[in-house]
Amino acid sequence: MTEEVMTFVSDNVYGVWFLIGAALVFWMQAGFAMVETGFTRAKNAGNILMKNLMDFCIGTVMFILIGFGLFLGEDALFGLVGLPNFDIFTNYAGFDWSNFVFNLVFCATTATIVSGAMAERTKFLSYCVYSAVISGVIYPIEAHWTWGGGWLAQMGFHDFAGSNCIHMVGGICALIGAIMVGPRIGKFTKDKAGKIVKVNAFPGHNITLGALGVFILWLGWYGFNGAAATSVDQLGAIFVTTTIAPAVATVVCMVFTWLKYGKPDVSMCLNASLAGLVAITAPCDVADAAGAAIIGGVAGVLVIFGIWLLDNVLHIDDPVGAVGVHMINGIWGTLAVGLFATDSAPTYSLADAAGNPMVGLFYGGGFKLLGIQCIGMLATAAWTIVTIFITFGVIKKVLGLRVSEEEEITGLDVTEHGLASAYSGFSIMDVTGMEMEVNENTDLGVDEYDEASATIKDAAVKVVTAPRFPEAEMNKVVIIAKLARYEHLKKALNDLGVTGMTVTQVMGCGVQKGAGERYRGIEMDATLLPKVKVEVVVSKIPVESVVEAAKKALYTGHIGDGKIFVYGVDKVVKVRTGEEDVEALADVE
């Protein structure tokens, strides 16, 4: 009797956890929305949010109509497909509600992955159509092979939570979609012959949102990987591997980018966290801690390689790194089962079609499991490539995939949705679209302060007819500099005797000589950056002293140290007292 009670309680507890896990996976839609919005430009934020909302809503409709039957319907055609049915309408009392909801939220995730790679230039209507096809046909059929009792499941193929069925499939759709829609305007610079000679960085407008999205996704992943656990031990082991892999991936990425680029890359590390989660998704229930660490470490390198490969070799524009995160690491996670599966994992049950136990290559199991994983991965990839290529081809021919050049430049928020801004009430400026190029009229000067000063002095000796500063009783000095150097500048001017100044925060853009900062490994040699504009008017204090003090306070030797402009002032009037000219400046000098 006691055993029956415990079994009843256990079944109901795990039934509740199963639905809580489904809710966590649904919450991941918010994570995807935040990551994609933060990694793209402000003028498209509303469009990104709308797409992530409609992914789930359109996916729900398609899953009800056809997807659920193709996925979990009665097995047909030798395990290739399930039979569509309308049991949710005709037999609601006996319907498997929990299983429907659980598999629905996974289905929606597959379609969501695609939106990031095709962001900022895809027609909203076209997006809705291909999202419906992925949710209604492409995902359910291949998922049936693995999770619906299909031919891959019968063979012994293992993908516990979706490295293959969800992430690789979504990543392949993202790759083909990004190729067919083409890069964003200005992403790649071409020479006169049409050859790509430069990759331009398009920084995400809100990395804070992106980071929030990653944390939401990581939390949701405990449901993504753990919801199907059947014991406390198995659930605990899954939580351990789901924590270790992304953590190691992120550390590896941080160290790698720090060594390669001189600074740890924030957005790359956020991608690496997701890459580690994707890679551990298939083997989360069969890997041990050491295996999870290795899987995560490799994922941290693969995501960097994937982003570099698409940008610099294949010249495919993927704004959020979806291909590197999901496709490449989905493949890696699927194959990792064949390498790291160990029977020391709780409730281990991997076996071939004949019922013989299988473990990974690195745990003495030989190549059998790895071979099965390769077959499953290649079959799923082939199905996805063919079907999504046909889908995009038909959409491109009938509806068109891409918005017009004018719509893309203006932004999809206003052109596709009539939304003036997703940030109404805030001053938001996109930092791309203002790139400047070096040409035959460009002189970038010299790098070092001393060398530059010597050059100026030599020029002054040779060109004696040009005065160094205006010969005026009063002079206005305008200084444009980095925000970080403002306090140094203020102190230097104050020590000189300047007690009044006008300070404005501005945005600056220009090409300069030297090594620029990097975004996702791409050098940002010219983009809009926050600056401070300081204006002072002096008469008694020599203008030469002001300029020299400013130069010393601002100099760092890096791009963007600033510029100083000097103007003669004809008239100054102090409003409160009516004092004019030099007398009006007495209290600020």
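Residues numbered from 1 in each chain as written. Predicted model: local features only at pLDDT ≥ 70, side-chain atom pairs only at ≥ 80, totals over all residues. Heavy atoms only, no water.

Visitor: Would you explain the overall build of the chain in this entry?
Guide: Helix and strand counts for the chain stand at 19 helices and 10 strands. Sorting the 589 residues of the chain into buried and exposed places 50% on the buried side. Contacts in the chain between residues far apart in sequence, at least 24 positions, make up 77% of those at least 6 positions apart. Per element, the accessible surface of the chain, about 26600 Å² overall, is 64% carbon and sulfur. (Helix = DSSP H or I, 4+ residues; strand = E, 2+ residues; numbered from the N terminus. Buried < 20%, exposed > 50% of the residue type's maximum accessible area, 1.4 Å probe, protein only. Contact = heavy atoms within 4.5 Å. Areas by Shrake-Rupley, 256 points an atom, 1.4 Å probe, with all protein chains shown as cover.)

Visitor: Just to check I follow, could you spell out the state of the cysteines for this structure?
Guide: Each disulfide consists of one covalent bond between the sulfur atoms belonging to two cysteines. Evaluation of the coordinates by the stated rule reveals 0 disulfides. Summary of cysteine pairing: C269 is not part of a disulfide, and the nearest cysteine sulfur, belonging to C253, is at 4.1 Å. (Disulfide = S-S within 2.5 Å.)

Visitor: Explanation requested: the packing of helix α7 (residues 163-181) against helix α12 (residues 322-340) in the structure shown.
Guide: A pair of packed helices can be characterised by two numbers: the angle between their axes and the separation between those axes. At a minimum axis distance of 8 Å, the contact between α7 and α12 shows a crossing angle of 140°. In this structure, the crossing between α7 and α12 has a hand that is left-handed. Listed contacts from α12 to S163, N164, H167, M168, G171, I172, A174 and L175 of α7 are A322, V323, H326, M327, G330, I331, G333 and T334. (Axes fitted to C-alpha atoms, helices over the stretch in contact; angles between N-to-C directions. Left-handed = near helix turned anticlockwise from the far one by under 90°.)

Visitor: Help me understand unusual backbone geometry, please; the structure alone is not making it clear to me.
Guide: Glycine aside, negative phi is the norm for most residues, and most peptide bonds take the trans geometry. In this structure, H315 takes a positive phi of about 55° despite not being glycine. Mapped onto the fold, H315 is located in the loop between α11 (289-314) and α12. Unusually for a residue other than glycine, T347 sits at a positive phi of about 50°. As for its placement among the helices and strands, T347 is situated in the loop between α12 and α13 (368-398).

Visitor: What is the right way to look at the packing of aromatic side chains in this model?
Guide: The geometry of an aromatic ring pair is captured by two quantities: the separation of the ring centres and the angle between the planes. Under the counting rule described, the total for this entry stands at 24 aromatic pairs. Members of the aromatic cluster, joined through ring pairs, are F63, F68, F71, F95, F100, Y139 and W147. The ring of Y127 is capped by K51, whose NZ or CZ atom sits 5.2 Å from the centre of that ring. Across from the ring centre of F202, 5.9 Å away, lies the NZ or CZ of K187, which sits over that ring. (Phe/Tyr/Trp six-rings, centres within 6.5 Å; stacked < 30°, edge-to-face > 60°. Lys NZ or Arg CZ within 6 Å of the ring centre and 35° of its normal.)

Visitor: Help me out: how do you make sense of the pattern of salt bridges in this one?
Guide: Side chains that carry opposite charge are capable of pairing whenever their charged atoms lie near each other. A complete count under the given rule lists 13 salt bridges for this structure. D561 is paired through a salt bridge with K482; the nearest N and O atoms lie 3.9 Å apart. Of this pair, D561 sits in the loop between α18 (543-554) and β10 (563-568) while K482 sits in strand β5 (residues 475-482), placing them 79 residues apart in sequence. The class of K482 is partly exposed, set by a relative accessible area of 23%. Here E487 and K490 are joined by a salt bridge, their closest N and O atoms 3.4 Å apart. You can see E487 and its partner K490 sitting in helix α17 (residues 486-496), 3 residues apart, about one turn around the helix. Sharing partners across several salt bridges, the network here consists of R41, E120, R184 and D317. (Salt bridge = Lys/Arg side-chain N within 4 Å of Asp/Glu carboxyl O.)

Visitor: Before we go on, may I ask you to explain the environment of T110 in this structure?
Guide: Assignment of secondary structure puts T110 in helix α4 (residues 97-117). The sequence separation of T110 and V169 amounts to 59 residues, and the corresponding C-alpha distance is 7.0 Å. Apart from the residues within four sequence positions on either side, T110 is in contact with I134, Y139, C165, I166, V169 and G170.

Visitor: Any chance you could explain the pairing of strand β4 (residues 196-199) here in plain terms?
Guide: Within a regular beta strand, the side chains point alternately toward one face of the sheet and then the other, so they alternate between its two faces. Inspection of the sheet shows strand β3 (residues 188-190) paired to β4 by 3 bridges, in the antiparallel sense. Across the sheet, residue F188 finds its bridge partner in β4, namely V199. Where β3 folds back on β4, the antiparallel hairpin that results is connected by 5 residues, among which G194 adopts a positive phi of roughly 90°. (Pairing = 2+ DSSP bridges.)

Visitor: Looking at this model, I keep getting lost on the side chain of T37. Mind explaining?
Guide: Considering the arrangement of structural elements, one finds T37 in helix α1 (residues 2-38). Judged by relative accessible area, which is 2%, T37 ranks as buried.

Visitor: Looking at this structure, how should I read the confidence of the model for the chain?
Guide: Segments scoring low in pLDDT should not have their predicted coordinates read at a detailed level. Confidence in the prediction of the chain, expressed as mean pLDDT, is 87, and 87% of residues score 70 or more. Of the regions scoring below 50 in pLDDT, residues 456-467 engages in 0 contacts with residues more than four places distant in sequence or in other chains. (pLDDT = per-residue confidence, 0-100.)

Visitor: Help me out: how do you make sense of a nonpolar patch on the surface in this one?
Guide: Together, L125, V129, V386, I390, V394, V398 and L399 line one region of the surface with nonpolar side chains, adding up to about 600 Å² of accessible area. At the level of elements, α5 (124-147) and α13 are the ones that each hand at least two residues to the nonpolar patch. Top element by residues in the nonpolar patch is α13. It accounts for 4 residues. Along the chain, V394 turns up in helix α13. According to the relative accessible area criterion, V394 is partly exposed, its value standing at 47%. (Patch = residues over 30% accessible without salt bridge, like charges linked within 9 Å, V, L, I, M, F, W, Y side chains within 5 Å.)

Visitor: Explanation requested: the side chain of N200 in the structure shown.
Guide: Residue position: N200 is located in the loop between β4 and α8 (207-226). What makes N200 buried here is its relative accessible area of 6%. A distance of 2.7 Å separates a polar side-chain atom of N200 from the backbone oxygen of G186. At 2.9 Å, the side chain of N200 and the side chain of T189 are in polar contact. Once residues lying within four places of it in the same chain are set aside, the contact partners of N200 are G186, K187, F188, T189 and I522. (Polar contact = N/O pair within 3.5 Å; in protein donor to acceptor, adjacent residues only side chain to side chain.)

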